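Structural characterization, general
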Amino acid sequence: MSLRRTFPLLRSALSRRAPLSTAPATREQHAAGLEAVRGRGAAEAARPPVPAVDFGNTQEAYRSRRTWELARSLLVLRLCASPALLARHEQLLRLARRLLGQRLFNRLMKMTFYGQFVAGEDQESIRPLIQHNRAFGVGSILDYGVEEDLTPEEAERKEMESCTSASERDGHGTSKREKQFQAHRAFGDRRDGVVSARTYFYASEAKCDSHMETFLRCIEASGGASEDGFSAIKLTALGRPQFLLQFTDVLTKWRRFFHQMAAEQGKAGLAAMDTKLEVAALQESVVKMGIASRMIENWFTVETLGVSGTLDLLDWGSLIDSRTELSKHLVVPNMQTGQLEPLLSRFTEEEERQMTRMLQRMDVLAKKASEVGVRLMVDAEQTYFQPAISRLTLEMQRRFNVERPLIFNTYQCYLKDAYDNVTLDVELARREGWCFGAKLVRGAYMAQERARALEIGYEDPINPTYEATNAMYHRCLNYVLEELKHNARAAVMVASHNEDTVRFTLCRMEELGLHPADCQVYFGQLLGMCDQISFPLGQAGFPVYKYVPYGPVMEVLPYLSRRALENSGVMKGAQREWQLLWQELKRRLRTGSLFHRPA
């Protein structure tokens, strides 16, 4: 199976399938295309001034919440702050279920953790909450929160089976992949050390179809009259992860070869967009490596490289695209042996069918999102999957982000190469003329990624400190905001519970003249967390959304466990939220407003 066949499969797939409005109700819609660029100056004169956003004004922040909801939030946050309780929370939940019975247990959960973090059991029951939040300027991103309740042993077995090729399992072939991109039993349970992201394990093609249908229902529910609905998907839910591992290995080796050539030309350590290889020197290097092949001559043609005499990382990446001859061979020079080596082992017919179905499922979801006017965010995952996920997302963006940013890629700013990834994709969108769409997050897999790198023996991909991650987030965000100033067809989702990051964004928006009515900068937080950020933003006219999970009580317990753990892991922010909640509760007691009714 060659990459030559991968891209045509994706592109052929992309060429073939009474809603609940989840966008904020108080938002203007922006014009798409070049008219938006030309009309921005004229529109600015008619815009109302942007209200100041005060995250410390508890009366306004919690105007949408009844007093008993404040009390519930205080209780849940206090429980999440107890290390002893969290360490035994699973045993305590099982005990409570045995003592109370299923009916009373469900009621207890809905009064506490479930009621705090989950909207309801199905799309009909969550409708009142979504409509209530919309009235206060906060939209919803629907998220079916059900997960398989697998034991660690079951998760490990499924992961090892789905990440290993048939030839590797049968012992007839050895993996050509580097250790980083092979399945490792010690890290087979990808849930371990992850507190803020759902994890999917491959079971069967039928199960992947079921996941696709779930995503489709969320997309349909998010569509309707508004063009600013959002939905989120994970690619590991849509197919066998073996393909993502192998594809990531290919992309990583090809990129590494570029940087090796750059080092030979004395250009090591430059930012990705500043690194340009001299083609003549590159040709000499290839000859010195002793690689004798007529195919090499096809690397350096005007058709593939242009006439500049230099080659940057975007040009380099195009060499393994389906538009050039090199993709027919899918090889890379081995720096030690000087030989051209194939990068993918052969797929069986069944594995090829599975890969094709994964691409087709992506196409179905993107098509549905386009039909109903919903923006589709592709969630980020572990680094051994992410380059493949980003490349497949890029292919969807080329197809669907023609007039406006419909497909959003996710960038994890705790990664050392986050800035390079963002700048390269912004530049690619400029060159190819499609609309850039990004969601910026800090990242959900830090502990797992660090432990895996240490155990297996490769460089830790994570920034060394929390402060370094914050600096990386702000650096990436600032670069994207600068792009938005000059490009009205680009957009970003600032997915953060960090109040300083949100303040930084608002400050830069004001400095750059980015008005909330342009609907280029969106904000996102989880339901039940940081209402003191979400609702002041929404009431001031900024596009802001809550991730709204839903599903039956027993089936969302894994999700609830992660929310409890996540709150314990961000105690500085949770402590401030608790203080603000308590301040508002005391204000209502003092002013006789205990029976406050949101209006």
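Residues numbered from 1 in each chain as written. Predicted model: local features only at pLDDT ≥ 70, side-chain atom pairs only at ≥ 80, totals over all residues. Heavy atoms only, no water.

With that out of the way, let us pick up the sheet that holds strand S8 (residues 407-412). Reading around the circumference, S1-S2-S7-S8-S9-S10-S11-S12 is the order of the eight strands in this closed barrel, with parallel pairing throughout. Averaged over neighbouring strand pairs, the angle between their axes works out to 30° when direction is ignored. Two strands pair when backbone bridges link them, and S8 and strand S9 (residues 437-441) are joined in this way by four bridges, in the parallel orientation. Looking at S9, one finds that threonine 410 is bridged to lysine 439. (Pairing = 2+ DSSP bridges. Helix = DSSP H or I, 4+ residues; strand = E, 2+ residues; numbered from the N terminus. Axes fitted to C-alpha atoms, helices over the stretch in contact; angles between N-to-C directions.)

Our focus in this paragraph is the confidence of the model for the chain. Confidence along the chain averages 83 in pLDDT terms, with 80% of residues attaining 70 or more. Highest mean pLDDT in the chain belongs to S9 (98); lowest belongs to helix H1 (residues 3-13) (51). Long-range and interchain partners of residues 14-19, a stretch whose pLDDT sits below 50, account for 22 contacts in this model, where long-range means more than four residues apart. A low-confidence stretch, residues 322-330 (pLDDT under 50), is modelled with 32 contacts involving residues beyond four sequence positions or located in other chains. (pLDDT = per-residue confidence, 0-100. Contact = heavy atoms within 4.5 Å.)

Looking now at helix H6 (residues 89-111). With 23 residues, H6 should reach 33 Å at 1.5 Å per residue; the first-to-last C-alpha distance of 17 Å falls well below that figure. Taken as a whole, H6 carries its principal kink of about 120° at glycine 101. (Expected span 1.5 Å × (residues − 1). Bend = angle between axes of the 7 residues up to and from the residue.)

Grouped together as the largest cluster of nonpolar side chains are 57 residues, with contacts concentrated most on Leu440, Val521, Phe523 and Leu537. Per element, the largest residue contribution to this core is eight residues, and it comes from helix H21 (residues 466-486). The contact partners of leucine 537, leaving out residues within four places of it in the chain, are Val53, Phe55, Val502, Leu506, Phe523, Phe542 and Val544. In terms of nonpolar packing, the next biggest core, distinct from the first, is built from 36 residues, Cys163, Phe247, Ala388 and Phe400 among them. (Core = buried A, V, L, I, M, F, W, Y, C linked by side-chain atoms within 4.5 Å. Buried < 20%, exposed > 50% of the residue type's maximum accessible area, 1.4 Å probe, protein only.)

A few words now on the packing of helix H22 (residues 499-512) against helix H23 (residues 531-539). Packing of H22 against H23 leaves a shortest axis separation of 10 Å and a crossing angle of 20°. With respect to H23, the element H22 is oriented roughly parallel. For the pair H22 and H23, the crossing hand works out as left-handed. From H22, Glu499, Val502 and Leu506 reach across to H23, where they touch Gln532, Ile533 and Leu537. (Parallel < 35°, antiparallel > 145°, perpendicular 65-115°, else oblique. Left-handed = near helix turned anticlockwise from the far one by under 90°.)

We now examine the pairing of strand S2 (residues 229-233). Consecutive side chains along a regular strand alternate between the two faces of the sheet. Within S2, five of the five residues are buried, which leaves it mostly tucked inside the rest of the structure. The alternating pattern of S2 places Gly229, Ser231 and Ile233 and Phe230 and Ala232 on opposite faces, both of which are buried. Two strands pair when backbone bridges link them, and S2 and strand S7 (residues 374-378) are joined in this way by five bridges, in the parallel orientation. Among the inter-strand pairings, serine 231 is bridged to a residue of S7, identified as leucine 376.

Two elements in contact, helix H11 (residues 205-222) and helix H17 (residues 349-372), have axes separated by 10 Å at closest approach and are oriented at 10°. By the criterion of interaxial angle, the relationship of H11 to H17 is roughly parallel. On H17, the residues that touch Glu205, Cys208, Asp209, Met212, Phe215, Leu216, Ile219 and Glu220 of H11 are Gln354, Arg357, Arg361, Val364, Leu365, Lys368, Ala369 and Val372. In terms of residue class, the contact of H11 with H17 is made up of nine nonpolar, one polar and six charged. (Nonpolar A, V, L, I, M, F, W, Y, C, P; charged D, E, K, R; others polar.)

It is worth spelling out the pairing of strand S12 (residues 544-550) at this point. Burial within S12 is extensive, with seven of its seven residues counted as buried. Neither face of S12 is left uncovered, since the one carrying Val544, Lys546, Val548 and Tyr550 and the one carrying Tyr545, Tyr547 and Pro549 both have all their residues buried. Examined bridge by bridge, strand S1 (residues 138-144) and S12 share seven bridges and lie parallel to one another. Within S12, the residue paired with serine 140 across the bridge is lysine 546. Taken together, the four bridges between strand S11 (residues 521-526) and S12 define a ladder with parallel strand orientation. Across the sheet, the residue bridging to glutamine 525 is lysine 546, located in S12.

Turning next to the pattern of salt bridges. Under the definition given, this model contains 35 salt bridges. Between glutamate 124 and arginine 127 there is a salt bridge; the shortest N-O distance is 3.7 Å. (Salt bridge = Lys/Arg side-chain N within 4 Å of Asp/Glu carboxyl O.)

What follows is about the packing of aromatic side chains. Under the criterion given, the structure shown has 13 aromatic pairs. Between tyrosine 419 and tyrosine 479 the ring centres are 5.7 Å apart and the planes differ by 80°, which places this aromatic pair in the edge-to-face class. Placement of the pair is tyrosine 419 in helix H19 (residues 418-432) and tyrosine 479 in helix H21, with a sequence separation of 60 residues. Neither residue differs from the other here; tyrosine 419 and tyrosine 479 are each classed as buried. Where phenylalanine 523 meets phenylalanine 542, the ring centres are 6.2 Å apart and the plane angle is 80°; that geometry is what we call edge-to-face. Of this pair, phenylalanine 523 sits in strand S11 while phenylalanine 542 sits in the loop between H23 and S12, placing them 19 residues apart in sequence. The structure contains a cluster of three or more aromatic residues connected by ring pairs, namely Phe230, Phe408, Tyr522 and Tyr545. (Phe/Tyr/Trp six-rings, centres within 6.5 Å; stacked < 30°, edge-to-face > 60°.)

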